[in-house]
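This is what each chain is made of:
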Amino acid sequence: MSEVDGQAIEPQPPILSFEDAGRVHGTGPKAVRALGPVRIDVRAGEFVAVMGPSGSGKSTLLSLAGALDQPTDGTVRVQGWDLSTLSAGARAALRRRTIGFVFQDLNLLPGLTALENVALPLELDGCPLREAREEALGSLERVQMDRLAHRFPDDLSGGEQQRVAVARAFVGPRALMLADEPTGALDSVTGEMVMRLLRKQCDAGRTVVLVTHDASHASWADRVLFLKDGLVVDETRTPSASSTATPLPDA
Amino acid sequence: MSVRHSLLAILAERPAHGYGLKSRFERDTAGIWPLNVGQVYTTLARLERDGLVVPRDDGGGARQEWRITKPGRAALAAWYDAPVAGDPPERDELAIKILLAVATRSADAGRILQNQRTATMRRLQEYTRHRREADPERELPWILLLDAFTLKAEAEIKWLDRCEARLGRRSG
């Protein structure tokens, strides 16, 4: 706790935290540790990138964060909730209301328009149709896709589909996006547009955890974590905007 | 970097005096490679000796204006026409450091790779931050340079990852 002008300020709890959390597959001599134990806190509004070679635990980390898998040791919390103490139903609800996923293959349903795709998670959550559509339109607007809301995925470019996927991940109250190589199929300029978009969402208070192989995409994040053999071996933060040093390449 | 040809390139547009050349060069290259004005005058003297520039008749001293000659334009065109040689590469301190650490076992190569990756990632984050803040209308030279730096840093990180993978395979 810190004090500002004599007032005690409660630090905001992290939206996502790994408290010595890890995942081991199998038991006995055949047990394979996929992740951890790791300690990671992600605060609301943060953009965190996770890098590391194949098999370093990146996808496991994302699955645990998204409550798709359970840690075998330690605790994973989302918005303060210990995921292991929640019932399966409560976990599913948390996933629908709080967490959006974006994968490389996007998983947009081809038979639904952009708007219907974005509204779907809210409808599944029991939100009245009209309200779900309104929220979806708002989310599409934030990614400048409201104009194309009634197009089907097949009639959109790769970059536009990606925007729709981002809108769906952040529809309604969803505050945490877990993204696994979301720019894999895009050319570099479009990939950078997506990073700019994620950056903007974080600057507006949403949170992104991005798994990527691409260092230049990772460099859009506030923090980059390097995983190796299931552990965080390194972490870099973006230098603060107040630093005025001119970046020079090695001469 | 060729100061000679840079000055010829600027003079090819219009005559200029020494200080004007310095500021114009720095503006067009986003201020990344500061030129000292003494270097500009020495280079102008050599260009004059080689017949590539001549002083304009009037003036003199620091306000002396220079203009490019016909042989000067030819030298400039030859410079633009010749692709920059990338081979053999310049002596690369990082590569030498890592190769020697691996070959002589005088240091832990894995640690060097990791330290370097952290530093390069930080540099990359800084480039990205500058790109986010750059005005695409007014700061085009700066943005083009940042693209170049970004891609080089990205390539360096890829190379470090690859070194790590190859060394891991060898020891594992």
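Reading the values: the criteria
Residues numbered from 1 in each chain as written. Chains lettered and ligands numbered in written order. Predicted model: local features only at pLDDT ≥ 70, side-chain atom pairs only at ≥ 80, totals over all residues. Heavy atoms only, no water. Helix = DSSP H or I, 4+ residues; strand = E, 2+ residues; numbered from the N terminus. Rg over C-alpha atoms; globule rule 2.2 N^0.38 Å. Buried < 20%, exposed > 50% of the residue type's maximum accessible area, 1.4 Å probe, protein only. Contact = heavy atoms within 4.5 Å. Areas by Shrake-Rupley, 256 points an atom, 1.4 Å probe, with all protein chains shown as cover. Buried area = accessible area lost by both parts, 1.4 Å probe. Salt bridge = Lys/Arg side-chain N within 4 Å of Asp/Glu carboxyl O. Nonpolar A, V, L, I, M, F, W, Y, C, P; charged D, E, K, R; others polar. Core = buried A, V, L, I, M, F, W, Y, C linked by side-chain atoms within 4.5 Å. pLDDT = per-residue confidence, 0-100. Pairing = 2+ DSSP bridges. Axes fitted to C-alpha atoms, helices over the stretch in contact; angles between N-to-C directions. Domains from an automatic or database assignment. Polar contact = N/O pair within 3.5 Å; in protein donor to acceptor, adjacent residues only side chain to side chain.

Undergrad: Could you give an account of the overall build of chain A, with specific residues and numbers?
TA: Along chain A, the regular secondary structure elements total seven helices and 12 strands. Over its C-alpha trace chain A gives a radius of gyration of 19 Å, about what one expects of a compact globule, namely 18 Å for 251 residues. When the backbone C-alpha atoms are referred to their principal axes, chain A occupies close to 55 × 50 × 50 Å. Here chain A, with 251 residues, has 50% of them falling under the buried criterion. In chain A, of all internal contacts separated by at least 6 residues, the share reaching a separation of at least 24 is 68%. A total of about 11800 Å² of accessible surface is found on chain A, and carbon and sulfur atoms cover 51% of it.

Undergrad: Explain the interface of chain B and chain A residue by residue, including any values.
TA: Taken together, the contact between chain B and chain A spans 25 residues of the former and 33 residues of the latter. Roughly 2400 Å² is buried in total at the junction of chain B and chain A, and carbon and sulfur atoms are behind 55% of that figure. Taken together, chain B and chain A are joined by one salt bridge. Taking the shortest distance from any N to any O, the salt bridge between B:Arg131 and A:Glu192 comes out at 2.8 Å. Listed by contribution, the elements that provide at least two residues to the side of chain B that touches chain A are α6 (109-133) and α7 (140-171) of chain B. Sort the elements by how many residues they give to the side of chain B that touches chain A and α6(B) lands first, with 16 residues. A class-by-class count of the residues in the side of chain B that touches chain A yields eight nonpolar, six polar and 11 charged.

Undergrad: Give me the lowdown on unusual backbone geometry, citing residues and values where you can.
TA: All names here are of chain A. In this chain, Gly36 is followed by Pro37 through a cis amide linkage whose omega measures 5°. Within the secondary structure, Pro37 sits in strand β4 (residues 32-42). For Asp20, which is not glycine, the phi torsion reads 50° and is therefore positive. On the secondary structure map, Asp20 appears in strand β3 (residues 16-25). Under the relative-accessibility criterion, Asp20 is labelled partly exposed at 38%. Of note, the phi angle at Gln144 is positive, near 55°, even though the residue is not glycine.

Undergrad: Can you tell me about the nonpolar core, naming the residues and giving the values?
TA: A:Phe47, A:Leu140, A:Val164, A:Met177, A:Leu198, A:Val208 and B:Met121 are the most contacted members of the largest nonpolar core, which totals 55 residues. The dominant element in this core, judged by the number of residues it contributes, is α7(B), at seven residues. Beyond its immediate stretch of four places on either side in the chain, A:Leu198 contacts A:Phe47, A:Val166, A:Met177 and A:Val208. Within the second largest apolar cluster, 29 residues are counted, among which are A:Ala21, A:Val42, A:Val48 and A:Ala67.

Undergrad: How would you explain the pattern of salt bridges if you had to name every residue and give the values?
TA: Residues and elements named next belong to chain A. Across all of its chains, the model carries 28 salt bridges over all chains by this definition. Of the charged contacts, one joins Arg133 and Glu123 as a salt bridge, the two residues approaching to 3.6 Å between their closest N and O atoms. You can see Arg133 sitting in helix α4 (residues 129-142) and its partner Glu123 sitting in helix α3 (residues 114-124), a full 10 residues away along the chain. Linking Arg199 and Asp203 is a salt bridge whose minimum nitrogen-to-oxygen distance equals 3.0 Å.

Undergrad: Describe the confidence of the model for chain A, listing the residues and the values that go with them.
TA: Residues and elements named next belong to chain A. Averaged over all residues, the pLDDT of chain A equals 87, while 90% of them reach at least 70. Within chain A, the lowest mean pLDDT, 51, falls on strand β1 (residues 2-4), and the highest, 96, falls on strand β5 (residues 47-51). Within the model, pLDDT remains below 50 along residues 242-251, and this stretch shows 20 contacts once partners closer than five positions in the same chain are excluded.

Undergrad: Could you give an account of the sheet that holds strand β9 (residues 176-180) of chain A, naming the residues involved and the relevant values?
TA: All names here are of chain A. The strand order β8-β9-β10-β5-β11-β12 describes an open sheet built from six strands, whose pairing is mixed. Whereas interior strands pair on both sides, the edge strands pair on one side only; in this sheet they are β8 (99-103) and β12 (231-237). The average undirected angle you get between the axes of adjacent strands in this sheet is 20°. This element, helix α1 (residues 58-65), spans β5, β8, β9, β10 (207-211) and β11 (223-228) of the sheet and lies at about 155° to β9.

Undergrad: Requested: an account of the domain arrangement of chain B, with residues and values cited.
TA: By a widely used convention, the size of an interface equals the accessible area lost when the partners come together. All names here are of chain B. According to the domain assignment, chain B contains domain 1 (3-81) and domain 2 (93-171). Once you take the C-alpha centre of each, domain 1 and domain 2 turn out to be 35 Å apart. Summing both sides of the interface, domain 1 and domain 2 together bury roughly 340 Å²; the carbon and sulfur share of this comes to 89%. For domain 1, the biggest contributors to the area lost against domain 2 are Ala30, Ile32 and Trp33; these three give 78% of the whole. Linking domain 1 with domain 2 are zero salt bridges, by the criterion used here. Counting across the interface, domain 1 meets domain 2 through zero residue pairs in polar contact (both at pLDDT 80 or more). Classifying every residue of the side of domain 1 that touches domain 2 by side-chain character gives three nonpolar, one polar and two charged.

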